[in-house]
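Residues per chain are reported as follows:
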Amino acid sequence: MPHEITRLRVDRIACTGHGVCAELLPELVTLDEWGYPLVAENGVIPARLARAARRAVTGCPALALSLASGPATLRGSSEGAQIPSRAGSTRLRT
Amino acid sequence: MTPGRVRPGHATPPGEPGLPRLLPPAADLAADDTGLPPGLDLAAHLRRRGLPRFRGSALIEQAAAAGLTGRGGAAFSVARKLTAVAAGGRGIVVVANAAEGEPASSKDAALLWYAPHLVLDGLQAAAEAVGARTAYLGLHARREPRGLDLAAHLTAALASRAAAGTDRVAVELVETPPRFLAGEESALVAFINGGPARPADKARRVFERGIGGRPTLVQNVETLAHLALIARYGGEWFRTVGTADEPGSMLCTIRDPDGRVRIVEAALGTPLHRLLPLGDDVQAVLAGGYHGGWLHVADARRLTLSNADLRPAGAIVGAGVLAALPAAHCGLAETARVARSLALESAGQCGPCFNGLPAIASALAAVAQPRPAGRELADLHRWAGLVTGRGACHHPDGTVRFVASALEVFAAETALHARGGCSAIRRDQFLPLPAAPVTESDWR
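Residues numbered from 1 in each chain as written. Chains lettered and ligands numbered in written order. Predicted model: local features only at pLDDT ≥ 70, side-chain atom pairs only at ≥ 80, totals over all residues.

Caption draft 1: Focus on the overall build of chain B. Scanning chain B from terminus to terminus reveals 15 helices and ten strands. By the compact-globule yardstick of 22 Å for 444 residues, chain B fits well, its C-alpha radius of gyration being 22 Å. In chain B, buried positions account for 55% of the 444 residues. In chain B, the proportion of contacts linking residues at least 24 apart, taken out of those at least 6 apart, comes to 73%. (Helix = DSSP H or I, 4+ residues; strand = E, 2+ residues; numbered from the N terminus. Rg over C-alpha atoms; globule rule 2.2 N^0.38 Å. Buried ≥ 20, exposed ≤ 12 C-beta atoms within 10 Å, placed from the backbone. Contact = placed C-beta atoms within 7 Å.)

See the structure below:
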């Protein structure tokens, strides 16, 4: 069994740049010059920040944040579900 | 070429098509729409191509053996996609994607015009392989007055197949809005679902929940045409051209330095200098279209048509757009005008994209002017880092790749502009821009 990790995921379409996440989770989230979140560490949430991350998710006015759990080997999972892949990083488009 | 009678055990038995596989042997097609030959009708198509040998899960195995990847630009494994969708359960939907929104590409339109039945065969084969009962063909609505009437052409092709009883799954034609992003997989699905043709968040992928919430297979029409040939001649045959890592052939839309546009089918791994003239009158090559990258002509002369060669050089194979920029044009001005249209083509959904792309486009427009620069170059490099990887789709990433490659390849020109000069002697636009201005209603 691969090691399970939890990531903070931003729905970029839902996000309207309120910036609440950067206030509630400053260790992981900063804002760009337009007020949109920049997530550090590829969104991986260390155990000590789990509670703050949950607060950020529930506190987002646009409901744009979620937590995604998955195997640590799946790179780029902050971009969402993927077809299971040996390479693990290929994104799906036609 | 005689109709393909398949002889198992041979990689390329006589009668199986060499290159070109998809388009007529008459070498290069002029893509100047009305100059295209009319293509094969159903009877001639079946005489030439014969009937499929591999179907269902056997076809998926052959696609895996072939190493066929998507020809819409992302080069994703077709067998993996087919397998994932087939596992999705009931009510599976298949979509043939010809929403060719890239202004510099017309290979899908040429393929549909010349070989509609090959594409439609591939669509039926894919539908059978994944167990789909519903099929769509998404077609880019062209606005040019001289454009081919592909919708009428395909309607006639579908009618002749219905009359002959060749198809198990009915195909619905859908004309998509003439937007750059309308062919992005989730945008096409959103449009067929009745909404605007805008990309969706990727938390839920269309292979799991697409059209009507059903598992949905979206494949580029050229991919389906290759699949139709693999169904006849097998995966081993497919690999007889191309490289070991990037097998097969692909259609390319080639813009020569004189502005002429050709559709050419080329094996992956073909040297670029054999595909387009790269003489002293050419300064750079755009590879992979407007989400691709510029190459110095000196680099282009030693590179091949493959991601193995092009990615390390800052470009991609993409959907096969290759353009040879004449030395007489300003590469910065060309890129700035395209970047502006790419900013306007943002779906306006993701903050980093709808803020960053206009900022990038206007800074690049300033750099494209022959006058001392301010802080635009520093801004460009910062913004490039800020928008990459932060959109629901690849539009910001692709746009940044295109702009960043221009800053690198045209660095000497940038320095000349900063001193108030410009080496260009022509001011007209070489690269094509979207035909129509963008309005909000264009998304529907």
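Alright, that's what it looks like, and here's the rest.
Caption draft 2: Quick look at unusual backbone geometry. Between L19(B) and P20(B) the backbone carries a cis peptide bond, its omega angle lying at -5°. Examined against the element boundaries, P20(B) turns out to sit in the segment before strand 1 (29-30). Phi is positive for E41(A), which is not a glycine, with a value near 55°. Relative to the elements of secondary structure, E41(A) occurs in the loop between strand 3 (37-39) and helix 2 (50-59). A count of 12 C-beta atoms within 10 Å places E41(A) in the exposed class. Phi angles above zero are rare outside glycine, and N42(A) is one such case at about 55°. For N42(A), the position within the fold is in the loop between strand 3 and helix 2. When the 13 C-beta atoms within 10 Å are taken as the criterion, N42(A) is described as partly exposed.

Caption draft 3: Geometry of helix 5 (residues 116-130) of chain B. When the terminal C-alpha atoms of helix 5 of chain B are compared, their 21 Å separation across 15 residues agrees well with the 21 Å that a helix rising 1.5 Å per residue should span. G131(B) sits one or two positions beyond helix 5 of chain B and adopts a positive phi of about 75°. (Expected span 1.5 Å × (residues − 1).)

Caption draft 4: Spatial organisation of the domain arrangement of chain B. Residue and element names in this part refer to chain B. By the assigned domains, chain B splits into domain 1 (29-238), domain 2 (250-326) and domain 3 (331-425). In this structure, domain 1 and domain 3 have C-alpha centres spaced 34 Å apart. Taken together, the residues of the side of domain 1 that touches domain 3 sort by class into four nonpolar, no polar and five charged. (Domains from an automatic or database assignment. Nonpolar A, V, L, I, M, F, W, Y, C, P; charged D, E, K, R; others polar.)

Caption draft 5: View of the nonpolar core. V119(B), L123(B), A126(B) and V285(B) are the most contacted members of the largest nonpolar core, which has 140 residues in total. For this core, the leading source of residues is helix 8 (residues 221-238) of chain B, giving eleven residues. Contact partners of V119(B), with chain neighbours within four places excluded, come to A96(B), L111(B), L112(B), V221(B), L224(B) and A225(B). In terms of nonpolar packing, the next biggest core, distinct from the first, is built from 15 residues, C21(A), Y36(A), A56(A) and A64(A) among them. (Core = buried A, V, L, I, M, F, W, Y, C linked by C-beta atoms within 7 Å.)

Caption draft 6: How the structure looks around the pairing of strand 8 (residues 282-287) of chain B. All names here are of chain B. Of all six residues in strand 8, five are buried; the element is thus mostly enclosed. Note: strand 8 against strand 10 (residues 321-326), five bridges, orientation antiparallel. Pairing of V285 across the sheet is with A324, part of strand 10. By the bridge criterion, four bridges tie strand 8 to strand 9 (residues 293-296) in an arrangement that is antiparallel. The residue of strand 9 that forms the bridge with A287 is G293. From the end of strand 8 to the start of strand 9, which pair antiparallel, there are five residues, and G288 there has a positive phi angle of about 95°. (Pairing = 2+ DSSP bridges.)

Caption draft 7: View of helix 8 of chain B. All names here are of chain B. For helix 8, which comprises 18 residues, the first-to-last C-alpha distance of 17 Å sits more than 12% below the rise-based estimate of 26 Å (1.5 Å per residue). A bend of about 100° at R232 is the largest found in helix 8. For helix 8, the tally of buried residues reaches 17 of 18 residues, placing the bulk of the element in the interior. (Bend = angle between axes of the 7 residues up to and from the residue.)

Caption draft 8: Quick look at the packing of helix 12 (residues 351-367) of chain B against helix 14 (residues 395-409) of chain B. Residue and element names in this part refer to chain B. Running from N to C, helix 12 and helix 14 cross one another at 15°; their axes reach a closest spacing of 10 Å. Comparing their axes, helix 14 and helix 12 come out roughly parallel. Considering how the two elements wind past one another, helix 12 and helix 14 form a crossing that is left-handed. Along its contact with helix 12, which presents P352, C353, G356, L357, I360 and L364, the element helix 14 presents H395, P396, T399 and V403. Its residues assigned to classes, the contact of helix 12 with helix 14 comprises seven nonpolar, three polar and no charged. (Axes fitted to C-alpha atoms, helices over the stretch in contact; angles between N-to-C directions. Parallel < 35°, antiparallel > 145°, perpendicular 65-115°, else oblique. Left-handed = near helix turned anticlockwise from the far one by under 90°.)

Caption draft 9: Here's a closer look at the packing of helix 5 of chain B against helix 8 of chain B. All names here are of chain B. At a closest axis distance of 7 Å, the pairing of helix 5 and helix 8 adopts a crossing angle of 75°. Judged by the angle between their axes, helix 5 and helix 8 are roughly perpendicular. Contacts between helix 5 and helix 8 involve L118, V119, D121, G122, L123, A125 and A126 on the former and, on the latter, V221, L224, A225, L227, A228 and A231. For the contact of helix 5 with helix 8, a count of residues per class yields eleven nonpolar, one polar and one charged.

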